[in-house]
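Given next are the chains, with one letter for each unit.
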There are 2 protein chains.
Amino acid sequence: MPLLLTNKIVEIENGNILSPQGFTTAGVHAGLRYAKKDLGVIISEIPASSAAVYTTNQFQAAPLKVTQESIASEGFLQAVVVNSACANACTGDRGYMDALKMRSLTSEKFNIKEHYVAVASTGVIGEYLDMDKITNGIESLSPGKLNSDAVDFQTAILTTDIVMKSCGYTASINGRTITIGGAAKGSGMIHPNMATMLGFLTTDAAISSENLSAALKNVTTNTFNQITVDGDTSTNDMVLVMANGMAENHPLTPDHPEWETFIELLTKACEKLAKQIAMDGEGATKLVEVEVLGAKDHEEAKFIAKQIVGSNLVKTAIFGADANWGRIIGAIGQTNALINPHRVDIAIGPIQMLKNSVPCVFSENEARGYLNQPFIKILVDLHVGNGEGKAWGCDLSYNYVKINASYRS
Amino acid sequence: MPLLLTNKIVEIENGNILSPQGFTTAGVHAGLRYAKKDLGVIISEIPASSAAVYTTNQFQAAPLKVTQESIASEGFLQAVVVNSACANACTGDRGYMDALKMRSLTSEKFNIKEHYVAVASTGVIGEYLDMDKITNGIESLSPGKLNSDAVDFQTAILTTDIVMKSCGYTASINGRTITIGGAAKGSGMIHPNMATMLGFLTTDAAISSENLSAALKNVTTNTFNQITVDGDTSTNDMVLVMANGMAENHPLTPDHPEWETFIELLTKACEKLAKQIAMDGEGATKLVEVEVLGAKDHEEAKFIAKQIVGSNLVKTAIFGADANWGRIIGAIGQTNALINPHRVDIAIGPIQMLKNSVPCVFSENEARGYLNQPFIKILVDLHVGNGEGKAWGCDLSYNYVKINASYRS
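Residues numbered from 1 in each chain as written. Chains lettered and ligands numbered in written order. Predicted model: local features only at pLDDT ≥ 70, side-chain atom pairs only at ≥ 80, totals over all residues. Heavy atoms only, no water.

Draft legend 1. Spotlight on the overall build of chain A. Counting secondary structure elements, chain A contains 11 helices and 16 strands. Computed over its C-alpha atoms, the radius of gyration of chain A comes to 21 Å, within 12% of the 22 Å expected for a compact globule of 409 residues. Oriented by its inertia axes, the alpha-carbon framework of chain A measures out at about 65 × 55 × 40 Å. Across the 409 residues in chain A, those meeting the buried criterion constitute 64%. Of the contacts formed within chain A by residues at least 6 apart in sequence, a portion of 79% connects residues at least 24 apart. Total accessible area on chain A stands at roughly 14400 Å², and carbon and sulfur atoms take up 51% of it. In chain A, 32 positive and 42 negative side-chain charges are present, and the distance between their average locations comes to 4 Å. (Helix = DSSP H or I, 4+ residues; strand = E, 2+ residues; numbered from the N terminus. Rg over C-alpha atoms; globule rule 2.2 N^0.38 Å. Buried < 20%, exposed > 50% of the residue type's maximum accessible area, 1.4 Å probe, protein only. Contact = heavy atoms within 4.5 Å. Areas by Shrake-Rupley, 256 points an atom, 1.4 Å probe, with all protein chains shown as cover. Lys, Arg positive; Asp, Glu negative; His and termini not counted. Charge placed at Lys NZ, Arg CZ, Asp CG, Glu CD.)

See below:
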């Protein structure tokens, strides 16, 4: 049963990368991990206009370079092959050759041009891929169209994630139904710019690679780049979108009357995946949304929202259900953003904590009750301008430490 | 027994704020905390040239404003009064009046000009000082010259700290013995610019307030500002130095032939306190020192060192004694500093992990053994320039979360 979001955008229940027309997928156990699935593929029936955004980390992993080369050739992709367990990062020339080999094996297996294949990896940095296992794994891939196939792919790309992340949304554009689906992984090393996070979006929209790229960059700024789990970016992050045009709409361009509808559709999908990643942050028990209003501009609002949601002290206080708003003040004040120290309002959920920078009287019990919910909203109004922005994160728990103290073991 | 450091600088065993001539101190239980001491004072026999550096957090607490005003008057101080338990931050006009009252009470009690008194506070943000307790507490202060008095002061300024921080160093300058002593607090909210951290330095050197201020700014950049526990700065941080001139040296200026000796003396004292703070980071089990060589310049070296030592992922890996150098790479790469992705060397203690960005073969057992020591050294060489810098921090443990999940409780 679809869930109506606005007049235009409808969420698809259990929507996923197979929701749009013309995509198949698979996920298998290639043996890189002990027992879990660790290799997956998404195939488009026909070459799809494609675009991607990549980590800003200066140590960009080999698979990202190969994917960039593929997309740079013609702007089309027809397959994405992904492995977990090994990031193939800091692996030098050998790592680059391995990523190329992953691409050529996938190309041969599915009879797709090499430069129509994208490669992604996630896992431990500084180890080489076991190419025998990769080779056998790719050989064993048989993509299908069943929901179970999407689940296989969604699980194959996970590392320390506890839950799968997927979404699907649809909108009518000029009488054509445009659908977008997504899958993602990521729960640690998640911060500013494409932290250890992989996002894959499929759509049947008709749109050029250039316009798709512009749309994706615009949307990731407000979604994937506004989540933080631990302030660390990774070498391997990537969000990739393939648009195969099978909805047969009039091609979408910034001048198209429904361009904004498409942007909204893409935003809904990316925001949904981003929030799922934040909620599945390593050790997280709560999803935290910070909204900043009244900032100088949107950029500063987003920056402050992210500073707050990224503060270890705020995160631990939320874990402990402690309404310690002084830490929110600390996080705001340590930015260089324009603030008026006498005009700040802070609310945690429905409870006003600070009004014009003066502490409010509130019930500690009520605050504790709210902070024991699984979704925590922090609202800040700076009263210096019209900038607005949101960011998402999670609390910092014992389990975050536990997971990260022995990740390689 | 003094410990020889260089030709010039000698560390004083159990050195503290009473090591220089002409200072007395006290610490009492004023009742702001349940049982521990919570109010302290340092008194100089005569007015002392003074300087301080303050938090860069935009929500600067009331006591810092009062201290700035005091120093701005004549550049002299004769007393510093400090309380723990309550930060007197985000307390508006009432908080400012309370800080002024703390100053005037101290002025009356010790018969010192008001603007020769500095005020400092640390503790919970957004609560008002209990001025009855402060008043009675200041009345009960009787500063002395015994080591036990220094201990009383050192404990009165602590919050979540587990250990006291103090130091003492001496040097001979033109035949005069110059001594510097210090006390500090801080274990959480510790990052870039004067995070919840108070540092007090006393010296009998003769030096003007202006030159002392220049020296302090220079030195804190490389010491206190290079430690990080959790990436959060606070509203209350301050490092304050009083120089009463009782050593009767020829006044120190940048043109003085022994100016560098004084800078080194001050650096030793600040670095010692800074490291003690890092080692006592909330929940810390290990002190971590990161040294970066071969950066474009010293600024970038310091910045990268601090990024590494501040990374939650690096910190949890060190807690777990896991030689996950990929996280060090991640932390380096997410800066905008100049690097050559093919030329990076990383060593953890004596064990080379990465050479020219290629993973080295190393013994996991040996690495684990090293990482189980209480002092961890990470050395990075970027091979792009001559910039060098160090930063200090600690690991991230279960106890960090425990302490911060219920700080106000």
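Picking up where we left off.
Draft legend 2. Just the sheet that holds strand 13 (residues 351-355) of chain A, in detail. Residues and elements named next belong to chain A. Spatial ordering of the open sheet is given by 14-13-12-15-11-16, a layout of six strands whose pairing is mixed. Since the sheet does not close on itself, it has two edges, and those belong to strand 14 (358-359) and strand 16 (387-394), each with one partner. One ladder, built from two bridges, connects strand 13 with strand 14; its direction is antiparallel. By the bridge assignment, K355 is partnered in strand 14 with V358. (Pairing = 2+ DSSP bridges.)

Draft legend 3. Structural context of the UniProt feature "binding site: substrate" (unreviewed entry) in chain A. UniProt records the feature "binding site: substrate" (unreviewed entry) at T159, K185, T196, E282, N404 and S409 of chain A, using the numbering of this structure. Assignment of secondary structure puts E282 of chain A in the loop between helix 6 (259-279) and strand 11 (287-295). On the accessibility criterion, E282 of chain A (5% relative accessible area) is buried. Within the fold, N404 of chain A resides in helix 11 (residues 398-405). Taking the relative accessible area as the measure of exposure, N404 of chain A reaches 1% and is therefore buried. Apart from residues lying up to four places away in sequence, N404 of chain A is in contact with E282 of chain A together with L313, T316, A317 and R327 of chain B. (UniProt positions renumbered as here; feature names shortened; annotations may be inferred.)

Draft legend 4. Molecular detail of the environment of I17 of chain B. Residues and elements named next belong to chain B. Positionally, I17 belongs in the loop between strand 2 (9-11) and strand 3 (23-28). For the pair formed by I17 and K390, sequence separation is 373 residues and the distance between their alpha carbons is 26 Å. Setting aside residues no more than four positions away along its own chain, I17 makes contact with F23, T25, I42, A150, F153, G181, G182, A183, F200 and T202.

Draft legend 5. Structural context of the relation of the copies chain A and chain B. With an axial shift of 0.0 Å and an RMSD of 0.0 Å, the rotation relating chain A to chain B amounts to 180°. Overall, the copies show the geometry of a two-fold rotation axis. Considering only C-alpha atoms, the part of chain A nearest the rotation axis is Y398 of chain A, at 2.6 Å. (Least-squares fit on C-alpha atoms with pLDDT ≥ 70 in both.)

Draft legend 6. Region of interest: the environment of I42 of chain B. With respect to the helices and strands, the residue I42 of chain B is situated in strand 4 (residues 39-54). In this structure, I42 of chain B is in contact with I17, F23, T24, T25, Q78, A79, V80, F153, F200, T202 and M242 of chain B, ignoring residues within four places of it in sequence.

Draft legend 7. Local environment of the interface of chain A and chain B. The partner chain B presents 56 residues to the 57 residues of chain A that form the contact. A combined buried area of about 4600 Å² lies between chain A and chain B, and 54% of that area is made up of carbon and sulfur atoms. There are zero salt bridges connecting chain A and chain B. If you look at where chain A meets chain B, you find nine residue pairs in polar contact (both at pLDDT 80 or more). Elements with a minimum of two residues in the side of chain A that touches chain B: helix 8 (312-319), helix 9 (326-333), strand 14, helix 10 (364-371) and helix 11 of chain A. (Buried area = accessible area lost by both parts, 1.4 Å probe. Salt bridge = Lys/Arg side-chain N within 4 Å of Asp/Glu carboxyl O. Polar contact = N/O pair within 3.5 Å; in protein donor to acceptor, adjacent residues only side chain to side chain.)

Draft legend 8. Quick look at the side chain of K377 of chain A. Residues and elements named next belong to chain A. By the secondary structure assignment, K377 is in strand 15 (residues 375-381). Given a relative accessible area of 18%, K377 falls into the buried group. The contacts of K377, once residues within four sequence positions are left out, are E289, E291, A347, I348, G349, Y370 and K390.

Draft legend 9. How the structure looks around the sheet that holds strand 12 (residues 287-295) of chain B. All names here are of chain B. The seven strands lie next to each other as 10-17-12-16-13-14-15, forming an open sheet whose pairing is mixed. Each edge of the sheet is formed by a strand with only one pairing partner; in this case those strands are strand 10 (227-228) and strand 15 (358-359). In the sheet, strand 12 pairs with strand 17 (residues 387-394) via seven bridges, with the strands oriented antiparallel. Looking at the pairing, E289 lines up with W392 of strand 17. Packed onto the sheet, helix 7 (residues 298-310) meets strand 10, strand 12, strand 16 (375-381) and strand 17 and runs at close to 20° relative to strand 17. (Axes fitted to C-alpha atoms, helices over the stretch in contact; angles between N-to-C directions.)

Draft legend 10. Fine view of the pattern of salt bridges. Taken as a whole and assessed by the stated rule, the structure comprises 30 salt bridges over all chains. In this structure, K377 of chain B and E291 of chain B form a salt bridge, with 2.6 Å as the shortest nitrogen-oxygen distance. Residue K377 of chain B is found in strand 16, and its partner E291 of chain B is found in strand 12; the two are separated by 86 residues along the sequence. Of the residues examined, E291 of chain B reaches a relative accessible area of 17% and is grouped as buried. Connected via shared salt-bridge partners are E271, K275, E289, E291 and K377 of chain A.

Draft legend 11. View of the pairing of strand 11 of chain A. All names here are of chain A. Summarising burial for strand 11: eight of the nine residues are buried, a large majority. Note: strand 11 against strand 15, seven bridges, orientation parallel. The residue of strand 15 that forms the bridge with E289 is K377.

Draft legend 12. Quick peek at the packing of helix 7 (residues 298-310) of chain A against helix 9 of chain A. All names here are of chain A. Interhelical geometry of helix 7 versus helix 9 gives an angle of 135° and a closest axis separation of 9 Å. As far as their axial angle goes, helix 9 and helix 7 are oblique. As helix 7 packs across helix 9, the resulting crossing turns out to be right-handed. Between helix 7 and helix 9, the residues in contact are I304, Q307 and I308 and I328, A331 and I332, respectively. Of the residues that constitute the contact of helix 7 with helix 9, the class distribution is five nonpolar, one polar and no charged. (Parallel < 35°, antiparallel > 145°, perpendicular 65-115°, else oblique. Left-handed = near helix turned anticlockwise from the far one by under 90°. Nonpolar A, V, L, I, M, F, W, Y, C, P; charged D, E, K, R; others polar.)

Draft legend 13. Representation of the confidence of the model for chain A within the structure. Averaged over all residues, the pLDDT of chain A equals 90, while 93% of them reach at least 70. The low-confidence segment residues 189-195 of chain A (pLDDT under 50) makes 49 contacts with residues lying over four places distant or belonging to another chain. (pLDDT = per-residue confidence, 0-100.)

Draft legend 14. Structural detail: the packing of helix 1 (residues 62-74) of chain B against helix 2 (residues 92-110) of chain B. All names here are of chain B. Where helix 1 contacts helix 2, the two axes come as close as 8 Å, and the packing angle between them is 50°. In terms of axis orientation, helix 1 runs oblique to helix 2. As helix 1 runs across helix 2, the sense of the crossing is right-handed. Contacts between helix 1 and helix 2 involve A62, P63, K65, V66, E69 and S70 on the former and, on the latter, G95, Y96, A99, L100 and R103. Counted by class, the contact of helix 1 with helix 2 contains six nonpolar, two polar and three charged residues.

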